[in-house]
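Structure at a glance
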Amino acid sequence: MPAGKLHLVPLGGLGEFGMNCMAVRWGEDIIVIDAGLMFPESELLGVDIVVPDITYLVQHREKVRGIVLTHGHEDHIGGLPWILSELNVPVFGTEFTLALVENKLDEHELLEDADLREIRAGTRFTLGPFTIHPIQVTHSLVDCVALAIHTPLGVVIHTGDFKVDPTPTDNRLFDLHTFAEYGKDGDVLALLQDSTNAERRGYTPSERAVRGRFDEIFARAERRLFISCFSSSIHRVKLTMDLAREYRRKVALVGRSISEAADIALDLGYFDVPEGMLIHPGQIKDFPPQQVCVLISGTQGEPMSALSRAAVDNHKHAKIERGDTVVLSSRIIPGNEKGIYRMIDHLFRREADVIYEDGSMPPVHVSGHASQEELKLIMNLVKPRYFIPIHGEYRQLRIHADLARGMHGAVGQVLMMESGDVLEFDELGARKVEKVPVGRICIDSGSRGEVVEDLVIKDRRHLSEDGFVLPIIAINKLTGTVESIPEIVMRGFAAGSENGFLHEARRLITATLENSTAEEKADYGVIKEKVRADLKRFIAKTTSRRPLIMPVILEI
């Protein structure tokens, strides 16, 4: 075994949902697997997306050989614009994944300088000391791969997101044979496996399981049919197109994300559409309701999505009327429950027939992630010396680790990691050696420049909870005297008896100014701080609240 140390460094995605990013290092060479984003929790006020802190990669920028993508979901590619603006390194991905990446980089004006390189399942390529073997897997998206990374110490298999679907709709089968070959060779150092569904017993149903329910919905729908799914769920888009053709319905694509994804899938031949079947959203009203099917984006109740606007009758083309059928063919992402159920309520108000995932069979949605029996199957086939659960919140990682510990004879040592841990392998074994700086970078309004610091989020939370108080003081710049009674503006701050509070606050500010020396009055920074400190004490004492206080000095 060669002397040297192999490091696995998760920069996101372990102990959190989304933001998947993993660095693999041998000596002077680093490769990065995936570059995802996560959508913010409600307490990150005004933040649109969250991307991983890549300080570790920036510190070692000359060692980074490239970013290898497992598939095209946002939690695996969404952080690329921000990472590539810091580190312009080659990006490797399958044909469909790179098509999604191109759109994203074009939007951020980074496409011209990007170095995108296509990879194919089964075709190996080399990056520094690493030989990478992409392996075909099945997921809710098309063209997904796991990665077998050949290192000087052995093979590290990173599954990406997967489920073992024996009957995928695109007929590209999960390559169980290659996983078994690696296990047979006995050279698998570590297996890094998707934990998203580690809590779910049994097997995840095949994508084809949805067809029975969709068939029934198409047969029963008497008027317009609105179907909403994740825009990247090409399997589901293809199924809708096939059934629309069978039931002689025209199809309109409403919403930017679903239109872009369907265009890419059409260009790459994932499905074909007879001439005249696709119509422009503006033509929906021109056809009898029973002849129209609308694929519409917005399954998660996003406020400005096409479906949310249609639900409140505020969309230019998508008008949902009494007797129309609306199908939500997706899972509820944790944290989005309120927005989704509010949207469903509005759809019921439109007197539509609303069908969503309620546990009934056959299902209207199936997961794209492996359940416990599939996870155990891969462990049994691969027989890794070390097993590391990845992609999931801490409870999911822990349950997955416990599952692996029960696989006697198939799995060697089970190691738990979280984002920022450094796992070191050498000829003596494996151990956690240190932590690297990790965290989240909050982005406003989707532009690369709008990074929101923690202080800004703290201020937003402060404002949302206690409001602000703005004392305005007019001072004569020649004499230093206060020209009028201080004015106080309040927003989001309830002071009980407002008139009494304002009178006392003005009196306090006047007293503070009178007790200040001429020198202090000439220094507006000092005066502002004195007013702020006195007013803060007064408000805390009288109301037990802590609004943001921002004194303003007007020179007259």
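Residues numbered from 1 in each chain as written. Predicted model: local features only at pLDDT ≥ 70, side-chain atom pairs only at ≥ 80, totals over all residues. Heavy atoms only, no water.

Examining the overall build of the chain
Applied cut-off: Going along the chain from the N terminus, every DSSP run of H or I of four or more residues is numbered as a helix, and every run of E of two or more is numbered as a strand. Exposure categories follow from relative accessible area, calculated using a 1.4 Å probe and restricted to protein chains: below 20% of the type maximum is buried, above 50% is exposed, and the middle band is partly exposed. Every residue pair with non-hydrogen atoms within 4.5 Å of one another is taken to be in contact. Under the convention used here, a 1.4 Å probe and the Shrake-Rupley method define accessible areas, while residue burial counts only the protein chains that appear.
Across its full length, the chain holds 16 helices and 28 strands. Oriented by its inertia axes, the alpha-carbon framework of the chain measures out at about 85 × 70 × 45 Å. Burial analysis of the chain (556 residues in total) assigns 53% to the buried set. Counting only contacts in the chain whose residues sit at least 6 apart along the sequence, the fraction spanning at least 24 positions is 71%. Of the roughly 24,700 Å² that the chain leaves accessible, carbon and sulfur atoms contribute 49%.

A word on the sheet that holds strand 13 (residues 225–228)
Stated formally: Any two strands with at least two DSSP-identified bridges between them are counted as paired. Here the axes come from fitting lines to C-alpha atoms, over the contacting stretch only for helices, and the angles between their N-to-C directions go from 0 to 180 degrees.
Read across the open sheet, the six strands follow the order 15-14-16-13-17-18; overall the sheet is parallel. Edge positions in the sheet fall to strand 15 (278–279) and strand 18 (353–356), since each of these pairs with one other strand and no more. As paired elements, strand 13 and strand 16 (residues 292–296) share three bridges and run parallel to each other. Within strand 16, the position partnered with Ile 227 by the bridge is Leu 295. In this fold helix 6 (residues 210–220) packs onto strand 13, strand 16, strand 17 (325–328) and strand 18, with an angle of close to 155 degrees to the strand it touches most, strand 13.

Comments concerning helix 4 (residues 95–107)
The test is simple: By definition here, a helix of n residues has an expected span of 1.5 Å times n minus one.
With 13 residues, helix 4 extends 19 Å from end C-alpha to end C-alpha; this agrees with the ideal 18 Å at 1.5 Å per step. If you check which residues of helix 4 are buried, you get Phe 96, Thr 97, Leu 98, Ala 99, Leu 100, Val 101, Lys 104 and Leu 105. Looking at the buried positions of helix 4, the neighbouring elements they touch are helix 2 (74–77), helix 3 (80–86), strand 6 (91–93), strand 7 (116–118), helix 7 (234–246) and helix 8 (256–267). Residue Glu 109 follows helix 4 closely and has a positive phi angle near 60 degrees.

Focus: the state of the cysteines
Basically, it comes down to this: For the purposes of this analysis, a disulfide is any pair of cysteine sulfur atoms at a distance within 2.5 Å.
Scanning the entire structure with this criterion turns up zero disulfides. The cysteine Cys 229 is free of any disulfide, with Cys 293 supplying the nearest cysteine sulfur at 10 Å. Looking at Cys 229, the relative accessible area reads 2%, which means it is buried. Its relative accessible area of 0% is what places Cys 293 among the buried residues.

Concerning the side chain of His 73
Stated formally: Pairs of N or O atoms are called polar contacts if they sit within 3.5 Å, as long as, within protein, a hydrogen donor faces a hydrogen acceptor (for residues adjacent in sequence, only side-chain-to-side-chain pairs).
Looking at the secondary structure, you find His 73 in the loop between strand 5 (64–68) and helix 2. Since its relative accessible area comes to 15%, His 73 is described here as buried. Within the structure, His 73 has its side chain in polar contact with the side chain of Ser 232 (distance 3.1 Å). For His 73, the contacting residues outside a window of four places in its chain are Gly 78, His 139, Ser 140, Leu 141 and Ser 232.

Here we look at the side chain of Gln 372
Positionally, Gln 372 belongs in helix 11 (residues 372–382). Polar contacts involving the side chain of Gln 372 include one to the main-chain carbonyl oxygen of Ala 198, which spans 2.8 Å. Excluding its chain neighbours within four sequence positions, the residues that come into contact with Gln 372 are Asn 197, Ala 198, Glu 199, Arg 200, Arg 201, Gly 202, Ile 399 and Leu 403.

Describing the packing of helix 5 (residues 176–185) against helix 11
Our working rule: Small angles under 35 degrees read as roughly parallel and large ones over 145 as roughly antiparallel, with 65 to 115 read as roughly perpendicular and the rest as oblique. Only Asp, Glu, Lys and Arg are considered charged, only Ala, Val, Leu, Ile, Met, Phe, Trp, Tyr, Cys and Pro nonpolar, and every remaining residue, Gly among them, polar.
Between helix 5 and helix 11, the least distance of the axes is 6 Å, while the angle of their chain directions is 45 degrees. As the angle between them shows, helix 5 and helix 11 are arranged oblique. Every residue of helix 11 that contacts helix 5 at Leu 176, Phe 179, Ala 180 and Gly 183 is listed here: Leu 377, Ile 378, Leu 381 and Val 382. The class makeup of the residues in the contact of helix 5 with helix 11 is seven nonpolar, one polar and no charged.

Considering the nonpolar core
Nonpolar side chains tend toward joint burial in soluble globular proteins. Defined as follows: The set of buried Ala, Val, Leu, Ile, Met, Phe, Trp, Tyr and Cys residues whose side-chain atoms join them within 4.5 Å is what this entry labels a nonpolar core.
Counting 123 residues, the largest nonpolar core has Leu 57, Ile 388 and Phe 425 as the members making the most contacts within it. In this structure Ile 388 touches Leu 8, Ala 190, Leu 191, Leu 192, Gln 193, Leu 415, Met 417, Leu 423 and Phe 425, once residues within four positions along its chain are discounted. In terms of nonpolar packing, the next biggest core, distinct from the first, is built from 22 residues, Phe 226, Val 292, Val 294 and Ala 310 among them.

Looking at the environment of Lys 319
Along the chain, Lys 319 falls in the loop between helix 9 (306–311) and strand 17. Each C-alpha atom, one on Lys 319 and one on Pro 134, is 44 Å from the other, the two residues being 185 residues apart in sequence. Non-local contacts of Lys 319, meaning those with residues more than four positions away in its chain, are made with Arg 224, Phe 226, Asp 313 and Asp 324. Within the structure, the side chain of Lys 319 is placed 3.1 Å from the backbone oxygen of His 315, a separation counted as a polar contact.

Brief notes about unusual backbone geometry
In the Ramachandran plot, Met 19 falls in the positive-phi region, its phi being about 60 degrees despite a non-glycine side chain. Here Met 19 is to be found in the loop between strand 1 (6–12) and strand 2 (21–26). The class for Met 19 is buried, based on a relative accessible area of 1%.

Regarding helix 6
Applicable threshold: The arc in question is traced by the directions running from the helix axis to the C-beta atoms.
Restricting attention to buried positions, one finds in helix 6 the residues Val 210, Arg 213, Phe 214, Ile 217 and Phe 218. Looking down the long axis of helix 6, one finds its buried residues gathered within 135 degrees of arc, a one-sided arrangement. Set apart from the buried face of helix 6 by more than 90 degrees, the exposed residues are Ala 219 and Arg 220. Buried residues belonging to helix 6 abut strand 13, helix 7, strand 16, strand 17 and strand 18.

Re the packing of helix 4 against helix 8
The line we're drawing: Whether a crossing is left-handed or right-handed is set by the direction in which the near helix is turned from the far one by less than a right angle, anticlockwise for left-handed and clockwise for right-handed.
Viewed as axis vectors pointing N to C, helix 4 and helix 8 meet at an angle of 135 degrees, and their least axial separation amounts to 10 Å. One finds that helix 4 runs oblique with respect to helix 8. The element helix 4 and its partner helix 8 pack so that their crossing is right-handed. In this structure, helix 4 contributes Phe 96, Ala 99, Leu 100, Asn 103 and Glu 107 to the contact, and helix 8 contributes Arg 256, Glu 260, Ala 261, Ile 264 and Ala 265.

Some thoughts on the pattern of salt bridges
Short version of the rule: By salt bridge we mean one thing: a side-chain nitrogen of Lys or Arg within 4 Å of a carboxyl oxygen of Asp or Glu.
Throughout the structure, instances matching the rule amount to 35 salt bridges. The partner of Arg 236 in a salt bridge is Glu 207, and the shortest N-O contact between them spans 2.6 Å. Taken together, the residues span a long stretch of sequence, with Arg 236 in helix 7 and Glu 207 in the loop between strand 12 (188–194) and helix 6 at a distance of 29 residues. Take Arg 236 and Glu 207: they sit in the same class, and that class is buried. The structure contains a network of salt bridges with shared partners spanning Lys 5, Glu 424, Asp 426 and Arg 431.

Structural measurements only, silent on function.
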